Amino acid sequence: MNSVIIRPALLRCFMRTQRIISELRTHKPLCSDRSSCATEDSKSPKIYTKTGDKGFSSTFTGERRPKEDHIFEALGNTDELSSAIGLAREFCLDKGHIFTDQLDKIQCILQDVGSNIATPQSSARESHRKRTKFSPQTITDLETWIDHFTEELPPLTNFILPSGGKSSAALHLARTICRRAERSVAPIVRSGEADPDVAKFLNRLSDYLFTAARYAAMKETREEKIYRRPE
Ligand SMILES: Nc1ncnc2c1ncn2[C@@H]1O[C@H](COP(=O)(O)OP(=O)(O)OP(=O)(O)O)[C@@H](O)[C@H]1O
């Protein structure tokens, strides 16, 4: 049986997310139906508080906003992106690709992206800002990883279509979700509500996912389909 190894970086990431989620929850107003609502003193609080049932939810700063707000749109896209990367990572693990640790790290950083987006600067206190500060080092790391893949890859001479085996195709799908996340974060950053480095990170992440997809196809000796003009 495989033993479960929890790496310290992943554990830190998990603890940080749990802390933020629990803080988010304490900002929620109490349920009208107290008997079915998680309370602070309950031993195992329920995952559902029902406070979102009327189509409104909370930011990290405690504002209540409609669920179709830009912030929740961007948070949802970021969450979907992390899920797509998680699936791609599973395919990559099956093939023994060496970069799955990078995908782990990226999933953790996407939690930090979410925390920053969920904290609109206009209602943030200093303590919120401190807790949800986004590190520009994450962008530099992506650039380093992209450069390493590129050194081994043949130069691009054609338009590549998402293909090249399951790992590669899944990374391409994650790339397109990343671009949607980037589009939804752009207006939030432009209005000064989120850190511009979050937008930069997502922009660089789509390049990383594109390059990693090509790298996976190359290592699996799978053919990448190229665009051909229909006759
Ligand atoms: N549909 C959504 N898409 C993206 N982000 C969301 C969505 N709904 C809520 N969120 C964000 O994720 C956080 C956690 O989600 P959660 O499901 O607990 O919220 P909720 O719907 O307001 O509460 P509940 O599910 O307990 O009724 C919320 O505080 C909010 O910031």
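Residues numbered from 1 in each chain as written. Predicted model: local features only at pLDDT ≥ 70, side-chain atom pairs only at ≥ 80, totals over all residues.

Looking only at helices and strands, one finds 7 helices and 2 strands in the protein. The N-to-C order of helical and strand elements in the protein reads α-β-β-α-α-α-α-α-α. Sorting the 231 residues of the protein into buried and exposed places 32% on the buried side. (Helix = DSSP H or I, 4+ residues; strand = E, 2+ residues; numbered from the N terminus. Buried ≥ 20, exposed ≤ 12 C-beta atoms within 10 Å, placed from the backbone.)

Glancing now at the packing of helix 3 (residues 100-117) against helix 7 (residues 196-219). With their axes 10 Å apart at the nearest point, helix 3 and helix 7 run at an angle of 145° to one another. Crossing handedness for the pair helix 3 and helix 7: left-handed. Contact residues: Ile-106, Val-113, Asn-116 and Ile-117 in helix 3; Val-198, Phe-201 and Leu-205 in helix 7. Residue classes in the contact of helix 3 with helix 7 are distributed as 6 nonpolar, 1 polar and no charged. (Axes fitted to C-alpha atoms, helices over the stretch in contact; angles between N-to-C directions. Left-handed = near helix turned anticlockwise from the far one by under 90°. Contact = placed C-beta atoms within 7 Å. Nonpolar A, V, L, I, M, F, W, Y, C, P; charged D, E, K, R; others polar.)

Bringing helix 6 (residues 166-190) into the picture now. Given 3.6 residues to a turn, an α-helix orients residues that are three or four positions apart in the same direction. With 25 residues, helix 6 should reach 36 Å at 1.5 Å per residue; the first-to-last C-alpha distance of 36 Å fits that figure. The axis of helix 6 is deflected most strongly, by about 25°, at Ser-184, and proline Pro-187 appears within four residues downstream. (Expected span 1.5 Å × (residues − 1). Bend = angle between axes of the 7 residues up to and from the residue.)

What follows deals with the site of the ligand. Neighbouring residues of the ligand: 15 residues in total, closest Thr-49, Gly-52, Ser-57, Leu-75 and Gly-76. Every element with two or more residues in the shell around the ligand is listed here: strand 1 (56-58) and helix 2 (70-94). Take the shell around the ligand: its biggest share by element is 3 residues, from helix 2. When grouped by side-chain class, the residues that make up the shell around the ligand number 5 nonpolar, 7 polar and 3 charged. (Near = placed C-beta within 6 Å.)

A positive phi angle is found at Lys-50, which is not glycine, with a value near 70°. Residue position: Lys-50 is located in the loop between helix 1 (8-26) and strand 1. You will see that Thr-221, though not glycine, has its phi angle at about 45°, which is positive. Along the chain, Thr-221 falls in the segment after helix 7. Assessed through the 8 C-beta atoms surrounding it within 10 Å, Thr-221 is described here as exposed.

One rule of thumb: low pLDDT means the predicted coordinates there are not for detailed reading. Residues at a pLDDT of 70 or more form 82% of the protein, whose mean pLDDT is 87. With pLDDT under 50 throughout, residues 1-12 is counted as low confidence; its partners more than four residues away or in other chains account for 3 contacts. Contacts of residues 25-40 to residues separated by more than four positions or lying in other chains number 19 contacts, the stretch itself having pLDDT below 50. Per the prediction output, this complex has pTM 0.84; the corresponding ipTM is 0.89. (pLDDT = per-residue confidence, 0-100.)

Attention now moves to the packing of helix 2 against helix 3. Each packed pair of helices is defined by two parameters, the angle between the axes and the distance between the axes. Running from N to C, helix 2 and helix 3 point in directions that differ by 170°, and their axes come no closer than 10 Å. Judged on the interaxial angle alone, helix 3 and helix 2 are roughly antiparallel. (Parallel < 35°, antiparallel > 145°, perpendicular 65-115°, else oblique.)

This next bit is on the nonpolar core. Ranked by size, the top nonpolar core spans 42 residues in total, and within it Ile-117, Ala-174, Val-185, Val-198 and Leu-209 carry the most contacts. Sorting the residues of this core by element identifies helix 2, helix 3, helix 6 and helix 7 as the ones contributing at least two each. A per-element tally of this core places helix 7 first, with 12 residues. Beyond its immediate sequence surroundings of up to four residues, Ile-117 is in contact with Ile-71, Ala-74, Leu-75, Thr-78, Val-185, Ile-188, Ala-194 and Val-198. (Core = buried A, V, L, I, M, F, W, Y, C linked by C-beta atoms within 7 Å.)

On the secondary structure map, Ala-84 appears in helix 2. Spatially, the C-alpha atoms of Ala-84 and Leu-161 are 18 Å apart, while their sequence positions differ by 77 residues. Among all residues touching Ala-84, those that are not within four sequence positions of it are Leu-173, Ala-174 and Ile-177.

In this section: the environment of His-172. Note on placement: His-172 falls in helix 6. For His-172 and Glu-231, which are 59 residues apart along the polypeptide, the C-alpha to C-alpha distance reads 26 Å. Ignoring anything within four residues of it in the chain, the contact list for His-172 reads Pro-162 and Ala-213.

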